[in-house]
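# Descriptive analysis of the structure
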Amino acid sequence: MSTFTTDDLDVLRNRTFDDIAIGEQASIERTLTAADIQLFAALSGDVNPNHIDAEFAAATRFHGVIAHGMWGAALISAVLGTRLPGPGTVYAGQTLKFHAPVRVGDTLVTTVTVKARDAATHRVTLDCRCVNQDGKTVISGEALVDAPTERIERPRGTLPQVRISLAQGDDLVRILQYVRPLGCLKVAVVHPCDAVSLSAALDARAAGVIEPVLVGPRERIESVARQSDLRIEGIAIDDVPHSHAAAARAVELAVKGEVEALMKGSLHTDELMAAVVASPLRAKRRMSHCFLMQTPAYPRPFIITDAAVNIAPTLSDKADIVCNAVELAHAFGIVRPRVAILAAVETVNPSMPATLDAAALCKMADRGQIPGAILDGPLAFDNAVSAAAARIKGIVSEVAGAADILVVPDLESGNMLAKQLMHLGGAASAGIVVGARVPIVLTSRADSRESRIASCAVALVVARRNTGAPAVAMATGAVAALAGAAKVKQ
């Protein structure tokens, strides 16, 4: 058994060769995160797609991203160097056998046990094992070390803070590579009467994603272009007097099939959506907004819905919101997306309507009313995205810890969640309204250039899927491209 106590969290102390006894052991416990995999890849240069490419890994025999084998081996080294024998230990040799993959959320207990001592050389042989939360040995081996002969006791050193962020630009290049075979999307840009909205349309045009039709007061649009040094020569302008007329005209163009999508300019979201709702663009299902996101802390891209359109959705509204998000996931090749219905808790509580809605939605899915997906809820946010958190709470679920879609209780919670992930969590994002007969791009003045172009690229994928174009399959990796290349900051 281990001879170490809780103060070992603050102090490193070793076991000298003379102190070490046969059968003595020590352990550490560690839960694998997506950041661990990315950091290990950045440090080692091992960018095998089994470890860092969710789309590729999903098609392998492992059915998802797995840790580098040597990440587990590094845990063995950590036990040897900090616990048994501890500081002063020098590796002489190590054998390893890898029995099972380690996935994000797995918790490994890494244990070393003294098997033999050589008094002549002060060498110690230790059995090494990494065992997961299910009691399965994933790594085994044997270590040979030179044990220290003098006692060492030192305060634990402070490690530098390391942060993983998404490399801006690289992710956008990957998205554009995926959608380029789909051609160019003709888009009515509604009332682009400020520099931000006009430049967003021009950036997407320059990227080869859209062919914009600028719908709004010609004089104002041209004035903005002059003042901001934006070139709009050769771009069609549909001249209307004001924002209300611009929304109506853009919808008319979409109804006639003269444009394939709408893009919000400098008018208010409500003004544009009111025109859509009052038109034949409104389909049977309720419209909703989807944020497609990728954060360094989560191993796969995911969708948050609804964070921009439906303020306080009813159960019926939420059923439509889920169906819209599922169809969007299908457009990107996720055959059976895992949908987490979020609430503050993971149990049904009659005093919390969100939990009742979650339970009802899951039963609707069971009865075939929400097809093409796996639903579970209510799930608290941590249970939806962390397999370790779900396991600690005893939740057995295909969705927990592996959600592709997060369905929030209302607009306020969804909006706050999405913006926290973007501004504090380094998430890349794209936003689109689905459920209408054409996709609608809602951009924000705070959005990055990459986010605005990515939103147009998502609209292109959705529009092509709506028309049944066979080239849609070529774009199925576009969401995964939001992940970009991991960049380590210290």
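Use the structure listed above.
Described in the following lines is the structure provided in the data block. (Residues numbered from 1 in each chain as written. Predicted model: local features only at pLDDT ≥ 70, side-chain atom pairs only at ≥ 80, totals over all residues. Heavy atoms only, no water.)

## Brief notes about the nonpolar core
Core analysis: the biggest nonpolar cluster contains 62 residues, and V209, I232, L328, V339, I370 and L375 have the highest contact counts within it. Among the elements that take part in this core, helix α15 (residues 449-466) stands out by supplying ten residues, more than any other. Setting aside residues no more than four positions away along its own chain, I232 makes contact with L198, L202, L214, I221, E222, A225 and I237. L32, L84, V138 and I139 belong to the second-largest nonpolar core, a separate cluster that totals 30 residues. (Core = buried A, V, L, I, M, F, W, Y, C linked by side-chain atoms within 4.5 Å. Buried < 20%, exposed > 50% of the residue type's maximum accessible area, 1.4 Å probe, protein only. Helix = DSSP H or I, 4+ residues; strand = E, 2+ residues; numbered from the N terminus. Contact = heavy atoms within 4.5 Å.)

## Describing helix α11 (residues 353-366)
For α11, spanning 14 residues, the distance from its first C-alpha to its last is 20 Å, which sits close to the expected 20 Å at 1.5 Å a residue. The set of residues buried in α11 consists of A354, T355, D357, A358, L361, C362, M364 and A365. Contacts made by the buried residues of α11 are with α10 (315-331), β15 (338-342) and β16 (374-379). Remark: G368 follows α11 within two positions and exhibits a positive phi of approximately 85°. (Expected span 1.5 Å × (residues − 1).)

## Some remarks on the sheet that holds strand β2 (residues 25-31)
Strands sit in the order β2-β4-β5-β6-β3 across an open sheet of five strands; the sheet is antiparallel. Sheet topology places β2 and β3 (90-98) at the edges, where each strand pairs with a single neighbour. The sheet shows a mean angle of 20° between the axes of neighbouring strands, taken without regard to direction. Where strand β5 (residues 123-131) meets strand β6 (residues 137-146), nine bridges bridge the pair, whose relative direction is antiparallel. (Pairing = 2+ DSSP bridges. Axes fitted to C-alpha atoms, helices over the stretch in contact; angles between N-to-C directions.)

## A few points about unusual backbone geometry
Residues T305 and D306 are joined by a peptide bond in cis, for which omega reads -5°. In this structure, D306 sits in the loop between β14 (302-305) and α10. In this structure, H63 is a non-glycine residue whose phi angle is positive, near 60°. Secondary-structure assignment places H63 in the loop between α3 (54-58) and α4 (69-82).

## What to know about the pattern of salt bridges
All told, the structure shown has 22 salt bridges when counted by the stated rule. In this structure, the salt-bridge partner of R449 is D203, at a minimum N-O distance of 3.6 Å. Highlighted residues: R449 in helix α15 and D203 in helix α6 (residues 195-206), separated in sequence by 246 residues. D404 serves as the salt-bridge partner of R338, at 3.6 Å between the closest nitrogen and oxygen. Of this pair, R338 sits in strand β15 while D404 is found in the loop between α13 (387-392) and β17 (405-407), placing the two residues 66 residues apart along the sequence. The class for R338 is partly exposed, based on a relative accessible area of 24%. Here D404 falls in the buried class, since its relative accessible area comes to 7%. (Salt bridge = Lys/Arg side-chain N within 4 Å of Asp/Glu carboxyl O.)

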